[in-house]
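Analysis of the macromolecular model
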Amino acid sequence: MKITDNLAHIRHEIKLLEKRYSRGAGSVCLLAVSKTRSVDEILAAIQEGQRHFGENYCQEALEKIVAIKIPELVWHFIGPIQSNKTRQIAAHFDWVHTVDRIKIARRLDEMRPDNLQPLNICIQVNISGEESKAGIAIDALHDFMEELKPFKRLKVRGLMALPAPSSNFDEQRKPFAILNQKLQELRLARPELDTLSMGTTQDMAAAIAEGATIVRIGTALFGPRNSG
Ligand SMILES: *Cc1c(COP(=O)(O)O)cnc(C)c1O
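Below: a short report on this structure. (Residues numbered from 1 in each chain as written. Predicted model: local features only at pLDDT ≥ 70, side-chain atom pairs only at ≥ 80, totals over all residues. Heavy atoms only, no water.)

**Some points on unusual backbone geometry**
Put simply, the test is: Each helix is a run of DSSP H or I of at least 4 residues and each strand a run of E of at least 2, with the numbering of both proceeding from the N terminus.
One non-glycine residue, T36, lies in positive phi territory at about 70 degrees. Inspection of the secondary structure assignment puts T36 in the loop between strand 1 (29-33) and helix 2 (39-47). The phi angle at K69 is positive, at roughly 45 degrees, despite the residue not being glycine. Here K69 is to be found in the loop between helix 3 (58-68) and strand 3 (74-77).

**Here's the deal with the pattern of salt bridges**
Condition: Here a salt bridge means any side-chain nitrogen of Lys or Arg lying within 4 Å of a carboxyl oxygen belonging to Asp or Glu. Exposure is judged per residue with a 1.4 Å probe applied to protein chains only, and the accessible area is read against the type maximum: over 50% gives exposed, under 20% gives buried, and values in between give partly exposed.
In the structure shown here, the tally under the stated rule is nine salt bridges. The salt bridge partner of K64 is E55, with a shortest N-O separation of 2.9 Å. Here K64 and E55 have matching classes, each one buried. A salt bridge links K64 to E60; the nearest nitrogen and oxygen atoms lie 2.6 Å apart. Taken together, the positions of K64 and E60, both in helix 3 and four residues apart, correspond to about one turn of that helix. Taking the relative accessible area as the measure of exposure, K64 reaches 6% and is therefore buried. Accessibility expressed as a relative area gives 22% for E60, which makes it partly exposed. In this structure, a network of salt bridges that share partners links the residues E55, E60 and K64.

**Remarks on the site of the ligand**
For clarity, the threshold we go by: A single heavy atom is enough: if one lies within 4 Å of a molecule or strand, its residue is considered near that molecule or strand. Between N or O atoms, a polar contact is any pair within 3.5 Å; within protein, one atom must be a potential hydrogen donor and the other a potential acceptor, and residues adjacent in sequence are included only when both atoms are from side chains. Charged means Asp, Glu, Lys or Arg here, nonpolar means Ala, Val, Leu, Ile, Met, Phe, Trp, Tyr, Cys or Pro, and polar covers whatever is left, Gly included.
Taken together, the residues surrounding the ligand are V33, K35, N56, I78, M160, T200, T201, R216, I217, G218, T219 and R225. At 2.7 Å from an oxygen atom of the ligand is found a side-chain nitrogen or oxygen belonging to N56. Within the contact set of the ligand, an oxygen atom lies 2.5 Å away from a side-chain nitrogen or oxygen of T201. Looking at the shell around the ligand residue by residue, the classes come out as four nonpolar, five polar and three charged.

**A look at the environment of F77**
For the record, the criterion: For this analysis, residues touch if any pair of their heavy atoms sits within 4.5 Å.
Relative to the helices and strands, F77 is located in strand 3. A residue is classified by how much of its surface remains accessible, and F77, at 1% relative accessible area, is buried. Sequence separation of F77 and T98 is 21 residues, and the distance between their C-alpha atoms is 7.5 Å. Setting aside anything within four residues of it in sequence, one finds F77 in contact with E55, N56, Y57, C58, I89, F93, W95, V96, H97 and T98.

**With respect to the pairing of strand 5 (residues 119-124)**
Every regular strand shows the same layout, with side chains that alternate between the two sheet faces. Which entries qualify depends on this criterion: Handedness of a crossover is defined as follows: orient the strands so they point away from the viewer, and if the path from the first strand over the helix to the second runs clockwise, the crossover is right-handed. Two strands are said to pair when DSSP picks up at least two bridges between them.
Of all the six residues making up strand 5, six are buried; the element is thus mostly covered by neighbouring parts of the structure. A crossover links strand 4 (residues 95-99) with its parallel partner strand 5, the connecting element being helix 5 (residues 102-111), and its sense is right-handed. Sheet topology note: the strand 5/strand 6 (residues 154-160) ladder contains six bridges and is parallel. In the strand pairing of strand 6, C122 is matched with G158.

**Focus on the side chain of S34**
Checked against the element boundaries, S34 lands in the loop between strand 1 and helix 2. At 2.7 Å, the side chain of S34 and the side chain of E55 are in polar contact. Ignoring anything within four residues of it in the chain, the contact list for S34 reads I42, F53, G54, E55, E60, K64, W75 and F222.

**Comments concerning a positive patch on the surface**
The criterion, for reference: Residues enter a patch when their relative accessible area is above 30% and they make no salt bridge; the linking distance is 9 Å between like charges and 5 Å between nonpolar side chains (Val, Leu, Ile, Met, Phe, Trp, Tyr). Each accessible area is a Shrake-Rupley estimate made with a 1.4 Å probe; only the visible protein chains count as cover when residues are assessed. Here the positive residues are Lys and Arg and the negative ones are Asp and Glu; neither His nor the chain ends is included. By convention, the point assigned to a charge is CZ for Arg, NZ for Lys, CD for Glu and CG for Asp.
On the surface, R11, K15, K19 and R51 cluster together to form a positively charged patch. On the accessibility criterion, R11 (33% relative accessible area) is partly exposed.

Here you go:
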């Protein structure tokens, strides 16, 4: 089956890249981006041992999470967050990669159910040249992190970025290098920060070269999307 082959290929590729760039073996987590994909496609990946899945649209994601209901799965929200969706996101996801407003963080904190572990959070950073306006400016990161401190139901894990696409490897590396440098800087005061969520199908190698700990891969795993 196609998904089986694709998954094996991506895993092999990640292993090679970890070696090539002196990254620890197993230091890069593959997040399967399953937006627009069917439950059956997700089950095919689960069958091959995939555990981390990323979704962008709350309603679509909930239908799949409820349908699949396998406790070992780790669900990551990686889309833009509308404030009327925070309750469901806080209740059904393990990670949120796209936090860039205090108001949203506060709602996620308030709505995270007490019987669950704190919600893992990445702060989305808008590195210059980013296509969308999502993400906070790199210079605003320090203050933003200070403001997150009171939120005890959130566990800040690190940074996320989705830079403007480029087909040139060296150009792809630049924004990832900036993000990595920023994380290392923040780690001086907060050594618990351990996550760089960066790299998609187009720029996975550059992201791993620059320290990605989570790569978010959709197309290379499931094939081209029809929409979205
Ligand atoms: C869709 C999406 C991805 C996956 O992109 P591919 O090019 O299909 O690998 C990764 N990150 C985010 C935030 C996305 O929205």
